[in-house]
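Results of the structural survey
Each chain, letter by letter, is given below.
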Number of protein chains: 2
Amino acid sequence: MHELISWASIPENSDFSIYNLPWGIFSTRGSEPRIGVAIGDHILDMPIVASTGILDEFSIPDSIWMKPTLNDFIKLGKNVTSSVRTRLQQELCAPESSLRKMREVFVNMENANMHLPVFVRDYTDFYSSIEHATNVGKMFRDPENALLPNWKHLPVGYHGRASSIVVSGTPVKRPNGQTKPGDGSPVYGPSKALDFELEMAFIVGQENMLGDPISIHHAEEYIFGMVLFNDWSARDIQKWEYVPLGPFLGKSFASSVSPWIVTMEALEPYRVASPVQDPKPLPYLKHSGFNNFDIYLEVSITPAGGDEKRVTRSNFKYMYWSMVQQLAHHTVNGCNVSIGDMMASGTISGSEPDSYGSMLELSWGGKKPITMPDGSQRSFLLNGDTVTMRGYAGRENRKVGFGTVTGQII
Amino acid sequence: MHELISWASIPENSDFSIYNLPWGIFSTRGSEPRIGVAIGDHILDMPIVASTGILDEFSIPDSIWMKPTLNDFIKLGKNVTSSVRTRLQQELCAPESSLRKMREVFVNMENANMHLPVFVRDYTDFYSSIEHATNVGKMFRDPENALLPNWKHLPVGYHGRASSIVVSGTPVKRPNGQTKPGDGSPVYGPSKALDFELEMAFIVGQENMLGDPISIHHAEEYIFGMVLFNDWSARDIQKWEYVPLGPFLGKSFASSVSPWIVTMEALEPYRVASPVQDPKPLPYLKHSGFNNFDIYLEVSITPAGGDEKRVTRSNFKYMYWSMVQQLAHHTVNGCNVSIGDMMASGTISGSEPDSYGSMLELSWGGKKPITMPDGSQRSFLLNGDTVTMRGYAGRENRKVGFGTVTGQII
């Protein structure tokens, strides 16, 4: 990776270095949502960038930059979207760039509202961390046989609710629902076991036809980029409802995503090997080479008016099943995917107790509450708590970061 | 219900009597998809109907009639859509109607292609037939405790795949996938246990805000109409994959719907009481009055080049949980629904073996194969088989029918 030196003002350690350039949808007061690119503490206002003519070679209709989602832009194809990103990178490094004199091109992030970056056609949630699946299995089922028999043979997943995916910063109402306390009768009321789940999601960038599976060897071409994903969960609702058809209202009240889609091109230098899979997967799930990504992840909780406390550190590289395996499996039956589909990883837990990706695991089902800076304890989330997830690959002036996904419980 | 006598030519026993007037999207050769209304063997070409001025009082933009889905029309609200339907009914009964002389208003169904009537934002599948849940529980779990403990306390449901919902007549490719035969290792290959599921689905006609549940007392206002729904299922794939997160690839390869949305106004005369619910549901699920609908249902199988055989007769009125209970439950956690959402009933089985709604139940897991007219046997579906579902309320010249939903296995 050759070194890039930008004339743009980019703070040291910014998530949005010149090596990143993620895509998002933003608006400023009194203006319509439109496409932007994060650079340091600023957003490149893409309709203005395009109006300078520096992207004319790509023949992109002006209207694309003014859309309220990235779907139509992504539909242009990786050839185009990746080339546009490279062009912007060059321009931000060229001392003579016409952008350099145009202050209106750079919108201060503090003055921008971020929106959901894509229209999510369908949302799928996987369950691909072996540590998380094992922890949950130990707590809820049989400690001796924590993993179910299918788990190592296929990336277990389920369909989630697309309509309730919200952008970072959206407050999350504590859900009401039906739960069954102990041996008593079912009751209705607010969830008493509200949890976060530390996940990442990839965004589908190309469609297949219904009936035509995506081979694992081509699956990468169908992945546009990634976001941080907080799969809020009401454990008590989930526990009572989930047999035999899986999670439903325990999840569908909200899922929060970070606003910037980091491209696979930006993450390319951070490829790492997947964990060894034993037993070996069936041929349609078999791949070689480096199919995971080294992305540091952390979660903190900030009580209302209190101090932030980091409660876990994890890494995307712990995933047992890779994104290309997930996508090949998802479509092996002919299921069609759409541009803007989100496919979440499932909770990403590491092997150590301080790397678990949910309160359920961190507090081990409430048996080991977490102590906050103000002395209060948490088995699950309290009203007023803000959960913040962060994630990045690389370091110093080469960081490829995701920013944050936050949400306050109200 | 006063008697309506139409001047239009409507065959006796037509599903599409003057009392029905369901909405759909059709096209003719060389023309764009647009809104139509079924009447007898014809389709009212709504852009042409609107151009006569007879709907001017509703101030509906002309562009709405030329949309490729009904979503924007439905968004006008029940006040409007129901009044338009009543206006059409009056016009089709008025001897002096201007439509009577305009032959171009009536498109012969034989010359029309039907399209998916709505863009399905999210799709949910319930599991609300007590006979079906009991049958499946007996076969797969414990015959003595076939119903799981939550089943009588809440309408169990799960999120399904919206992208693979197709309109009646679309061929269905037999899915490949991972299955686990007996005690052996998992294998990859075509499903050997392809099944239909006889269901109906309702279409959501009004949105709620994320965080704002829909009370059971207002839920009817959010239901626009209904369709027949064939939830194709690959039982062998489903059986291996479904723990602990529910059905996934065993369902997501295709679901077929009938093309005409029958409105709740048309079904109003066919209300019947729900089955008695014991134990009584929690207050948020409690309703009184007649909340089910008497809709006769049947399924037949036609082998390639062979004769059709009816394999089951059922009725929507067998549903234990009503549609309004489903919708109140779905949103009790604040989950937002969208116009065009489809919510399917789950397989609708009656209490007698000849009223079961799936091959799994009809052949009792393959133990009692069905004999076809040509002497061949079916435990599950074979390639070339066409499955046809029919459904209607009422009779003779007052039928409120759904037409058919068909699909051939290829």
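Sequence positions are assigned chain by chain, starting from 1 and proceeding in written order. Chains and ligands are labelled by the order in which they are written, letters from A for the one and numbers from 1 for the other. With pLDDT at 70 or above as the cut-off, local features in this predicted model cover only qualifying residues; side-chain atom pairs require 80 or more to be listed or tallied, and sums for whole chains, interfaces and linings still use all residues. The side-chain quantities take in all heavy atoms of the structure and omit both hydrogens and water.

A few points about the overall build of chain A
- Where helices and strands are cited, they refer to DSSP runs of H or I of at least four residues and of E of at least two residues respectively, numbered from the N terminus. The number of helices and strands found in chain A is 9 helices and 25 strands.
- We compute the radius of gyration over the C-alpha atoms and compare it with the globule rule, which gives 2.2 Å times the number of residues raised to the power 0.38. Taking 410 residues into account, the globule formula puts the C-alpha radius of gyration at 22 Å, and chain A, at 21 Å, falls close to it.
- Once the C-alpha set of chain A is aligned to its principal axes, its extents read approximately 70 × 55 × 35 Å.
- The Shrake-Rupley method, run with a 1.4 Å probe, gives the accessible areas here. Residue values count only the displayed protein chains as cover. By element, 50% of the accessible surface of chain A is carried by carbon and sulfur atoms, the whole surface being about 15,500 Å².
- Looking at charge distribution, chain A has the averaged site of its 36 positive side-chain charges lying 4 Å from that of its 44 negative ones. When charges are counted, Lys and Arg contribute as positive and Asp and Glu as negative, whereas His and the chain ends are disregarded. Where a charge lies is defined by one atom per residue type, namely NZ (Lys), CZ (Arg), CG (Asp) and CD (Glu).

A closer look at the pairing of strand β2 (residues 34-39) of chain B
All names here are of chain B.
- Relative accessibility under 20% of the residue-type maximum defines a buried residue, over 50% an exposed one, and the middle range a partly exposed one, all with a 1.4 Å probe and only protein chains included. Counting buried positions over the 6 residues of β2 gives 6, a clear majority of the element.
- Of the two faces of β2, both are covered, the one formed by Arg34, Gly36 and Ala38 as well as the one formed by Ile35, Val37 and Ile39.
- Bridge count between strand β1 (residues 23-28) and β2: 4 bridges; the pairing is antiparallel. Within the sheet, the bridge partner assigned to phenylalanine 26 lies in β2 and is arginine 34.
- A pair of strands counts as paired when DSSP detects no fewer than two bridges linking them. Hairpin connection from β1 to β2: 5 residues lie between these consecutive antiparallel strands, with glycine 30 at a positive phi of about 80°.
- Pairing of β2 with strand β3 (residues 42-45), which is carried by 4 bridges, proceeds in the antiparallel orientation. Within the sheet, the bridge partner assigned to isoleucine 39 lies in β3 and is histidine 42.
- In this structure, the hairpin formed by β2 and β3 is closed by a connection of 2 residues, where glycine 40 is found at a positive phi of approximately 60°.

A closer look at the interface of chain B and chain A
- Contacts: residue pairs with any heavy atoms within 4.5 Å of one another. Each partner contributes to the interface: chain B provides 58 residues, whereas chain A provides 58 residues.
- The working definition used for a salt bridge is a side-chain nitrogen of Lys or Arg within 4 Å of a carboxyl oxygen of Asp or Glu. Where chain B packs against chain A, one counts 6 salt bridges.
- Among the ionic pairs, aspartate 212 of chain A bridges to lysine 173 of chain B, the shortest N-O distance being 3.3 Å.
- Those elements giving two or more residues to the side of chain B that touches chain A turn out to be β6 (123-126), β7 (157-160), β9 (176-179), β10 (187-190), α6 (235-241) and α8 (323-331) of chain B.
- For the side of chain B that touches chain A, the element with the most residues is β7 of chain B, which contributes 4 residues.
- Ten residues, namely Ala, Val, Leu, Ile, Met, Phe, Trp, Tyr, Cys and Pro, are considered nonpolar, four, namely Asp, Glu, Lys and Arg, are considered charged, and the remaining ones, Gly among them, are considered polar. Looking at the side of chain B that touches chain A, its residues break down into 31 nonpolar, 19 polar and 8 charged.

Here's the deal with the relation of the copies chain B and chain A
- When the copies are superposed, the least-squares fit takes in the C-alpha atoms of residues with a pLDDT of at least 70 in both. Of the transformation placing chain B onto chain A, the axial shift is 0.0 Å and the rotation is 180°, giving an RMSD of 0.0 Å. Put plainly, the chains are arranged around a two-fold axis. In terms of C-alpha distance to the rotation axis, chain B has glycine 246 of chain B as its closest residue, with the C-alpha 2.1 Å off the axis.
- The share of interface residues of chain B whose copies in chain A are also at the interface is 100%, consistent with both copies meeting through the same surface.

Quick look at the pattern of salt bridges
- The tally for this structure, following the rule as stated, stands at 36 salt bridges over all chains.
- Measuring nitrogen to oxygen at the nearest pair gives 3.5 Å for the salt bridge that ties arginine 161 of chain B to aspartate 122 of chain A. With arginine 161 of chain B in the loop between β7 and β8 (165-167) and aspartate 122 of chain A in the loop between β5 (112-115) and β6 (123-126), this residue pair bridges two chains. Comparing arginine 161 of chain B with aspartate 122 of chain A shows no difference in burial state: the two are buried.
- Residue arginine 378 of chain B pairs with aspartate 385 of chain B through a salt bridge whose shortest N-O separation is 2.7 Å.
- For arginine 378 of chain B, a relative accessible area of 4% corresponds to the buried category.
- Given a relative accessible area of 1%, aspartate 385 of chain B falls into the buried group.
- Here the salt bridges do not stand alone but share partners, grouping Asp195, Glu197, Asp231, Arg235 and Lys251 of chain A into one network.

As for the confidence of the model for chain A
- For chain A, per-residue confidence averages 97 on the pLDDT scale, and residues scoring 70 or more make up 100% of the total.
- Taken over the whole predicted complex, pTM reads 0.97, whereas the ipTM for its chain interfaces reads 0.97. Each residue gets a pLDDT score, which is the predictor's confidence in that residue and runs from 0 to 100.

Regarding α8 of chain B
- α8 of chain B sits mainly inside the fold: 9 of its 9 residues count as buried.
- Along α8 of chain B, the positions that sit buried rather than exposed are Met323, Val324, Gln325, Gln326, Leu327, Ala328, His329, His330 and Thr331 of chain B.

Considering helix α5 (residues 130-140) of chain B
- Residues Ile130, His132, Ala133, Asn135, Val136 and Gly137 of chain B constitute the buried set of α5 of chain B.
- Tucked into the core, α5 of chain B has its buried residues touching α9 (359-362) of chain B.

Regarding the sheet that holds strand β3 (residues 42-45) of chain A
Residues and elements named next belong to chain A.
- Taking strand neighbours across the sheet as the criterion, the 5 strands line up as β4-β3-β2-β1-β5 in an open arrangement whose pairing is antiparallel. The sheet is open, and its two borders are formed by β4 (106-108) and β5, each paired with just one other strand. On average, adjacent strands in this sheet sit at an angle of 50° to one another, irrespective of strand direction. Axis lines are fitted to C-alpha atoms, over the contacting stretch for helices. Their N-to-C directions set the angle, which ranges from 0 to 180 degrees.

A look at the side chain of lysine 251 of chain A
Residues and elements named next belong to chain A.
- Counting through the fold element by element, lysine 251 comes out in the loop between α6 (235-241) and β15 (255-257).
- Look at lysine 251 and you get buried, because its relative accessible area is 8%.
- Contact partners of lysine 251, with chain neighbours within four places excluded, come to Tyr158, Glu197, Asp231, Trp232, Ser233, Arg235 and Gln238.

Topic: the packing of aromatic side chains
- For Phe, Tyr and Trp, rings pair up if their centres lie within 6.5 Å, where Trp contributes its six-membered ring, and each pair is then called stacked (planes under 30 degrees apart), edge-to-face (over 60) or tilted (otherwise). Inspection of the entire model under this criterion finds 25 aromatic pairs over all chains.
- Consider the rings of tyrosine 123 of chain A and phenylalanine 229 of chain A, whose centres lie 5.2 Å apart with planes at 35°: the pair is tilted. Here tyrosine 123 of chain A, found in strand β6, pairs with phenylalanine 229 of chain A, found in strand β13 (residues 223-230); they are 106 residues apart in sequence, far enough to count as distant. The same class applies to tyrosine 123 of chain A and to phenylalanine 229 of chain A, which are both buried.
- Plain terms: the ring middles of tryptophan 23 of chain B and phenylalanine 73 of chain B are 4.4 Å apart, the flat faces sit at 50° to each other, and that makes the pair tilted.

A word on the side chain of serine 255 of chain B
Residue and element names in this part refer to chain B.
- Take serine 255: it is sitting in strand β15 (residues 255-257).
- Given the relative accessible area of 2%, serine 255 is considered buried.
- Contacts of serine 255, omitting those with residues within four sequence positions, involve Tyr123, Ser164, Ile165, Val166, Phe229, Asn230, Asp231 and Trp232.

Section: the sheet that holds strand β20 (residues 309-315) of chain A
Residue and element names in this part refer to chain A.
- Here we have 4 strands laid out as an open sheet, ordered β20-β19-β24-β25, and antiparallel in their pairing. Across the chains shown, the open sheet's two edge strands, defined by having one partner strand only, are β20 and β25 (400-408). The average angle at which neighbouring strand axes cross in this sheet is 15°, direction not considered.
- Of the strand pairs in this sheet, strand β24 (residues 386-393) and β25 are connected by 7 bridges, and their pairing is antiparallel. What sits directly across from methionine 389, in β25, is valine 405.

Observations regarding the environment of glutamate 241 of chain A
- Mapped onto the secondary structure, glutamate 241 of chain A falls in helix α6.
- Counting along the chain gives 62 residues from glutamate 241 of chain A to threonine 179 of chain A, while the straight-line C-alpha distance between them is 8.0 Å.
- The contacts of glutamate 241 of chain A, once residues within four sequence positions are left out, are Gly246, Pro247, Phe248, Leu249 and Gly250 of chain A together with Asn150 of chain B.
- Here phenylalanine 248 of chain A takes part through its backbone nitrogen, which lies 2.8 Å from a polar atom of the side chain of glutamate 241 of chain A. In the analysis that follows, any N or O atom pair within 3.5 Å is treated as a polar contact, provided that within protein one partner can donate a hydrogen and the other can accept it, and provided that, for residues neighboring in sequence, both atoms belong to side chains.

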